[in-house]
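Fold and geometry: a report
Listed below, chain by chain, are the residues.
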Amino acid sequence: LDTVTDSLSKNSARKFVYVEQAYFYKWWNDQQTTEQQREIVKGLVSSGQLEFVIGGWVMQDEACTTYSACIDQMTLGHSFLSETFGVAPSKGWQLDPFGASSVTSTLEKLAGFDAH
């Protein structure tokens, strides 16, 4: 993410979409991530250059085996995004060669997403 944020901040025409919050959270809380980088990211999110889709902690179809686990990981990711940036994802994403399960579309509808 260091190079992504650097590239985005140098060119306002660029955009980047991020999916799994577990990895973003790890970067965000890493000792080597500076406060200046965090402020840049907040600006990128605010301007729409950096967008979070789905917003779950993980890709539920690939990491969760129960319906409640799917809801829990989505809640965890959305809570982090809301508390950190004041945003809530509005679009879904499922990059899986076998397609998304019915749980994915149901969760996205319940979360108020307007696109998948």
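Okay, so let's go over this structure. (Residues numbered from 1 in each chain as written. Predicted model: local features only at pLDDT ≥ 70, side-chain atom pairs only at ≥ 80, totals over all residues. Heavy atoms only, no water.)

A word on the packing of helix H5 (residues 67-85) against helix H6 (residues 102-110)
Contact geometry for H5 and H6: axes closest at 11 Å, N-to-C directions at 45°. Classified by the angle their axes make, H5 and H6 are oblique. Pair H5 / H6 crosses with right-handed handedness. On H6, the residues touching Tyr-67, Cys-70, Ile-71 and Met-74 of H5 are Val-103, Thr-106, Leu-107 and Leu-110. (Axes fitted to C-alpha atoms, helices over the stretch in contact; angles between N-to-C directions. Helix = DSSP H or I, 4+ residues; strand = E, 2+ residues; numbered from the N terminus. Parallel < 35°, antiparallel > 145°, perpendicular 65-115°, else oblique. Left-handed = near helix turned anticlockwise from the far one by under 90°. Contact = heavy atoms within 4.5 Å.)

Observations regarding the pattern of salt bridges
Between side chains of opposite charge, a pair can form as their charged atoms come close. Under the criterion given, the structure shown has 4 salt bridges. Here Glu-35 makes a salt bridge to Arg-38, at a shortest N to O gap of 3.5 Å. Placement of the pair is Glu-35 and Arg-38 together in helix H3 (residues 35-47), with a separation of 3 residues, close to one helical turn. As a salt-bridge pair, Glu-39 and Lys-42 come within 3.8 Å of each other at their nearest N and O atoms. Remark: Lys-42 and Glu-39 occur in helix H3; sequence separation between them is 3 residues, near one turn of the helix. Taking the relative accessible area as the measure of exposure, Glu-39 reaches 44% and is therefore partly exposed. Owing to a relative accessible area of 32%, Lys-42 belongs among the partly exposed residues under this scheme. (Salt bridge = Lys/Arg side-chain N within 4 Å of Asp/Glu carboxyl O. Buried < 20%, exposed > 50% of the residue type's maximum accessible area, 1.4 Å probe, protein only.)

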